[in-house]
Amino acid sequence: MTVCSYVVLCASSTLRCCKSFQNRSFHTSPELLHCWNRTHLDVFHSLLLVKPFTRQRYRLSRPMSSPRTIFGGERSYKCCTTTEEEQNKVQQLSLSSKNESFKDWTTRDSTKVRIKTILEQGETMLDKNVTIQGWIRSIRDQKKFAFLVVNDGSCLSGLQVFVENTVQSYEKVKSLLTGSSVSVRGKLVHSIGKGQLFELQAKEVLIFGDCDASYPLQKKRHSFEYLRKIAHLRPRTNTFGAVMRVRSMLAFATHCFFQENGFVYIHSPIITSSDCEGAGEMFRVLTEPTENSKYSQGEGAKDFFGVPTFLTVSGQLSAEAYSCALRDVYTFGPAFRAEYSHTTRHLSEFWMVEPEMAFANLQDDMTNAESYVKFVIQYILEKCKGDIDFFDRFIESGLTSKLYKYVEKPFARISYSEAVDILKKSGKSFQFPVSWGEDLATEHERYLAEEYFGHPVFVYNYPAAIKAFYMRNNDHDSGKTVAAMDLLVPRIGELIGGSEREDRLDVLEQKLHELGLEAENYWWYLDLRRFGSVPHAGYGLGFERLVQFVTGMENIRDVIPFPRFPGSAEF
Ligand SMILES: NC(=O)C[C@H](N)C(=O)O
């Protein structure tokens, strides 16, 4: 009987057919189990068709039908069989990868660990060798040994590394400055020092890139104004690392919410010929003539598409077309506004989440918006606890309890007319006057959300004259107001703007006409009303404002990697 006694997994070889393994058992060496994480073992099981049947023993349940390439690794691992007799007979299984990136991934995972994982699951790695990589936050040289704090951006904290002078590169390491990048392999132990649970006892420190004293991020607090000037380096600070992790998780939570609720994600175009808001605040798209271009003969920049095109201000019109076919859809992408606003709430390039729902009215719209905002807040409170605690301590005191309160209590809903009454009776002297028919200014929005309700509030039924052409005229006041809503939240003001859409062809044509917009530019949009029109509603959420809302960050320029605003597109 031939049985496997060794399984040799090594780089640059291929798994051979191993019929003779059928129904034979063998067990792996502890080394193999130790070095391979769960994922590798899963791959191992499925490709070798091996079933684990005790902790370290495996049985081949079916023979392999043909040679297969599995995965590589830099080392060879041995698996011993259970009996002596079996151990005498050697069968080699050659495993490898012709696919280098797969190989890299395998070797990477077997040794490298993110600092976040160490802080969360360090107990399981105690006394084991792990490798971390990152940037030095601080360094203390104590002559015979040195302490480094290394951060890899996976979480706020750095990991303390203890380097003895017996480590080969000690002399170089102790002279490193803040900002240098290193790879450290060592044993993970409980730290006896205060303020951290674990530390790494270095066996090897590799230096990728050192840093001199001109490194603009020193170990002190820098102002956000200063950091905006070094937007390429600011992600290495605690605040910007935390903002970007929360932003990423908010994006993920956004997809989770809509996907779980049956919405279809639509990629609306970035270059468009239609002005969704009808406000004309658009960036024109022109081609730059080059030597070879057919427009080069002394002509200036041209419209590439034969018609004037612009960077989109909103994906709404495209989303409406898809909603009138797929029912519930959403877009999530960049939008552009050529507004000369220098405020803490405006950007020229920002991201917008825009759901659109067929067979929905304004109430459905508000209900969906409330559920969405609550869902993402809850998600962040659960998944980004460390980062939110940080914002609570350093950016907005009481942030966590406020966020919990927003999730728990229903959002208020008041009409625009009621909002105007509240503002008039507030006794406040606003910079901009409050009168029915005027749009609400940020100071009004903030008063309502922050001071009057202390909670997010929907304001609905705005005067038609101050709103966009696509909003549905309200029947109850013969079109004096439209079925629009804004969600106002503390500290930010408007977070969401949405409406029920005008679904009646004749009324929509009339509205375009009254606003001086050319109906023929909207021919395809009008078709949606011409053929099988349905009531539908949607909204747009300014993604950066959402990030500001959940992090407490004051300035919108600090919640997007590279902000675009008038006069600034340096990075
Ligand atoms: N999808 C929306 O309703 C958002 C709206 N088009 C806006 O840009 O404000």
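You'll find the protein chain entered in an unreviewed UniProt entry as asparagine--tRNA ligase, with Galdieria partita given as the organism. One UniProt comment on the protein chain, placed under Sequence similarities (unreviewed entry), says "Belongs to the class-II aminoacyl-tRNA synthetase family."

Undergrad: Would you mind going over the overall build of the protein chain with me for this structure?
TA: Along its length, the protein chain carries 17 helices and 20 strands. Looking at the 571 residues of the protein chain, the share that counts as buried comes to 49%. Summarising the internal contacts of the protein chain: among those between residues at least 6 apart in sequence, 70% fall at separations of at least 24. In the form shown here, the protein chain has an accessible surface area of approximately 28,200 Å², with 51% of it arising from carbon and sulfur atoms.

Undergrad: Explain the sheet that holds strand β20 (residues 536-542) here, please?
TA: Strand pairing in a sheet relies on backbone hydrogen bonds, with the paired strands running either antiparallel or parallel. Within the open sheet, the eight strands sit side by side as β10-β14-β15-β20-β19-β18-β17-β16. Their pairing is mixed. Each having just a single partner strand, β10 (264-265) and β16 (412-415) make up the two edges of the open sheet. Bridging between strand β14 (residues 328-336) and strand β15 (residues 349-358) involves nine bridges; their strand directions are antiparallel. Bridge pairing in β15 links Thr331 to Glu354. The strands touched by helix α9 (residues 316-326) within the sheet are β10, β14, β15 and β20, with β15 carrying the most contacts at an inclination of about 25°. Against the sheet, helix α14 (residues 442-452) contacts β17 (457-463), β18 (481-489) and β19 (493-500), and its axis sits at roughly 60° relative to β18.

Undergrad: I would appreciate a short explanation of the sheet that holds strand β5 (residues 129-141) in the present structure.
TA: Spatially, five strands are ordered β5-β6-β7-β9-β8 in a closed barrel, and the strand pairing comes out mixed. The average angle at which neighbouring strand axes cross in this sheet is 55°, direction not considered.

Undergrad: Help me understand the packing of helix α13 (residues 416-425) against α14 in this model?
TA: For any two helices packed against each other, the geometry comes down to the angle between their axes and how far apart the axes lie. Viewed as axis vectors pointing N to C, α13 and α14 meet at an angle of 80°, and their least axial separation amounts to 11 Å. Classed by the angle they form, the pair α13 and α14 counts as roughly perpendicular. Contacts between α13 and α14 pair Ala419, Ile422 and Leu423 from the former with His444, Tyr447, Leu448 and Tyr452 from the latter. Considered class by class, the residues forming the contact of α13 with α14 number six nonpolar, one polar and no charged.

Undergrad: Any chance you could explain helix α11 (residues 385-394) here in plain terms?
TA: Each α-helix winds once per 3.6 residues, and so residues spaced three or four apart point in a common direction. Residues of α11 that are buried include every one of Asp387, Ile388, Phe390, Phe391 and Asp392, and no others. Where α11 is buried, its residues touch α8 (238-260), α10 (362-383), α12 (399-408) and α17 (543-551).

Undergrad: I'm lost on the site of the ligand in this one. Help?
TA: The immediate surroundings of the ligand are formed by Cys276, Glu277, Ser314, Gln316, Arg337, Met352, Glu354, Tyr470, Gly497, Arg501, Tyr539 and Gly540. Residue Glu277 places a side-chain N or O atom 2.7 Å away from a nitrogen atom belonging to the ligand. Take Gln316: an N or O atom from its side chain is 2.6 Å from a nitrogen atom of the ligand. Of all the secondary-structure elements, those providing two or more residues to the shell around the ligand are β15 and β20. Across the shell around the ligand, the residue classes break down as four nonpolar, four polar and four charged.

Undergrad: Looking at this model, I keep getting lost on the domain arrangement of the protein chain. Mind explaining?
TA: Frequently, the measure chosen for interface size is the accessible area that the parts lose on association. Annotation of the protein chain at the domain level lists domain 1 (99-215) and domain 2 (234-558). Taken over C-alpha atoms, the centre of domain 1 sits 44 Å from the centre of domain 2. With eight residues of domain 1 in contact, the opposing surface of domain 2 contributes eight residues. In total, domain 1 and domain 2 occlude about 600 Å² of area from one another, counting both sides; carbon and sulfur atoms represent 41% of this. When the buried area of domain 1 at its contact with domain 2 is split by residue, Arg137, Leu156 and Tyr215 rank highest and sum to 70% of it. In this assembly, domain 1 and domain 2 are joined by zero salt bridges. Between domain 1 and domain 2 we count four residue pairs in polar contact (both at pLDDT 80 or more) in total. In the side of domain 1 that touches domain 2, the residues fall into four nonpolar, three polar and one charged.

Undergrad: When you look at the pattern of salt bridges in this model, what are you seeing that I'm missing?
TA: Close approach of charged atoms allows side chains with opposite charge to pair. Under the defined criterion, the tally for this structure stands at 26 salt bridges. A salt bridge links Arg245 to Asp387; the nearest nitrogen and oxygen atoms lie 3.0 Å apart. You can see Arg245 sitting in helix α8 and its partner Asp387 sitting in helix α11, a full 142 residues away along the chain. Using a relative accessible area of 18% as the deciding quantity, one classes Arg245 as buried. Glu450 is the salt-bridge partner of Arg446, the closest N and O atoms lying 2.9 Å from each other. With a gap of four residues between them, Arg446 and Glu450 both fall in helix α14, about one helical turn apart. Beyond isolated ion pairs, a larger network of salt bridges with shared partners links Arg472, Asp475, Glu500, Glu502, Asp503 and Arg504.

Cut-offs applied
Residues numbered from 1 in each chain as written. Predicted model: local features only at pLDDT ≥ 70, side-chain atom pairs only at ≥ 80, totals over all residues. Heavy atoms only, no water. UniProt positions renumbered as here; feature names shortened; annotations may be inferred. Helix = DSSP H or I, 4+ residues; strand = E, 2+ residues; numbered from the N terminus. Buried < 20%, exposed > 50% of the residue type's maximum accessible area, 1.4 Å probe, protein only. Contact = heavy atoms within 4.5 Å. Areas by Shrake-Rupley, 256 points an atom, 1.4 Å probe, with all protein chains shown as cover. Pairing = 2+ DSSP bridges. Axes fitted to C-alpha atoms, helices over the stretch in contact; angles between N-to-C directions. Parallel < 35°, antiparallel > 145°, perpendicular 65-115°, else oblique. Nonpolar A, V, L, I, M, F, W, Y, C, P; charged D, E, K, R; others polar. Near = heavy atom within 4 Å. Polar contact = N/O pair within 3.5 Å; in protein donor to acceptor, adjacent residues only side chain to side chain. Domains from an automatic or database assignment. Buried area = accessible area lost by both parts, 1.4 Å probe. Salt bridge = Lys/Arg side-chain N within 4 Å of Asp/Glu carboxyl O.

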